[in-house]
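Now for the letters of each chain:
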Amino acid sequence: MIDRRRFLEGIGTLALTVAAFSSLGGALLGRAEAQTVDTGDLMAPGALPDQVLGKADAPVTIVEYASMTCGHCAHFHETTYPVLKEKYIDTGKVRFILREFPLDIVAKAAFMLARCGGEGKYYPMTDTLFETQKNWAFSTNPAQALLAIAKQSGMTEDQFNACLNDTKLAGQIDEVAKRGAGFGIDATPTFFINGKKISGALSPEQLDKELAPLLGAN
């Protein structure tokens, strides 16, 4: 049995940084409040390799900063993301990247598990976590609930424990979030569509509206 106290102690001191990120973001680079960011800066290599869906030469790149325990993020992934994937990603029109911006310790643990899953497992794990968010994110024992999900993905309990004790990975996720704050992010989800910043969960209709002028006849 993995109790909540042990779980929180294991990664807690490494996760309580988002408030600092948010305040830091307003002071960085003078661009935090801008509605667009330089795509070169946005796409520069970060502390962790981007998990990319779609063609490398797609005309549109969408970067989403999300928290695994964010209800609005889960709503987007349940309602709009399937449309995005089928209509735009799978057809070569959009390249999609999900980046970590955990708003609490449990969200950070969930992202760590997605990163530990191995090649090709990141998006299947984040999809599952968003779909089942209500079952684990606000549980009295999130560690045990996450362990059950991890086991379903093929992870052993030893691998689960090793993942959540990986201080290097925890620090790298902190750096991803810190960098996101530098782009002016203070809430989730936040999207960058070819550098244009859009805060809040997009509906399928809003997504179509944003992408139409960028895709033209593509």
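Here's a quick rundown of the structure. (Residues numbered from 1 in each chain as written. Predicted model: local features only at pLDDT ≥ 70, side-chain atom pairs only at ≥ 80, totals over all residues. Heavy atoms only, no water.)

**Focus on the overall build of the protein chain**
Here comes step 1: Across its full length, the protein chain carries twelve helices and five strands.
Here comes step 2: Residues counted as buried form 47% of the 218 residues belonging to the protein chain. (Helix = DSSP H or I, 4+ residues; strand = E, 2+ residues; numbered from the N terminus. Buried < 20%, exposed > 50% of the residue type's maximum accessible area, 1.4 Å probe, protein only.)

**Considerations on the environment of Val 106**
Here comes step 1: Mapped onto the fold, Val 106 is located in helix α6 (residues 105-116).
Here comes step 2: For Val 106 and Met 68, which are 38 residues apart along the polypeptide, the C-alpha to C-alpha distance reads 8.1 Å.

**Observations regarding the state of the cysteines**
Here comes step 1: A full pass over the atoms with the stated rule returns one disulfide.
Here comes step 2: The disulfide partner of Cys 116 is Cys 163, and the S-S distance across this bridge is 2.1 Å. Torsion about the S-S bond of the Cys 116 and Cys 163 cystine: about 90 degrees, corresponding to right-handed handedness. In this pair, Cys 116 sits in helix α6 while Cys 163 sits in helix α10 (residues 157-164), placing the two residues 47 residues apart along the sequence.
Here comes step 3: Residue Cys 163 is classed as buried on the basis of its relative accessible area, which comes to 2%. (Disulfide = S-S within 2.5 Å.)

**Describing the nonpolar core**
Here comes step 1: Core analysis: the biggest nonpolar cluster contains 63 residues, and Ile 62, Leu 84, Phe 96, Trp 136, Leu 146 and Leu 211 have the highest contact counts within it.
Here comes step 2: Element by element, the count of residues in this core is highest for α6, at eight residues. (Core = buried A, V, L, I, M, F, W, Y, C linked by side-chain atoms within 4.5 Å.)

**Remarks on the packing of aromatic side chains**
Here comes step 1: Counted by the stated rule, this structure contains seven aromatic pairs.
Here comes step 2: Residues Tyr 65 and Phe 101 carry aromatic rings whose centres are separated by 6.5 Å and whose planes lie at 90 degrees to one another, so their mutual orientation is edge-to-face. Placement of the pair is Tyr 65 in strand β2 (residues 60-66) and Phe 101 in the loop between β3 (94-100) and α6, with a sequence separation of 36 residues.
Here comes step 3: Judged by relative accessible area, Phe 101 falls into the buried class, the value being 0%. (Phe/Tyr/Trp six-rings, centres within 6.5 Å; stacked < 30°, edge-to-face > 60°.)

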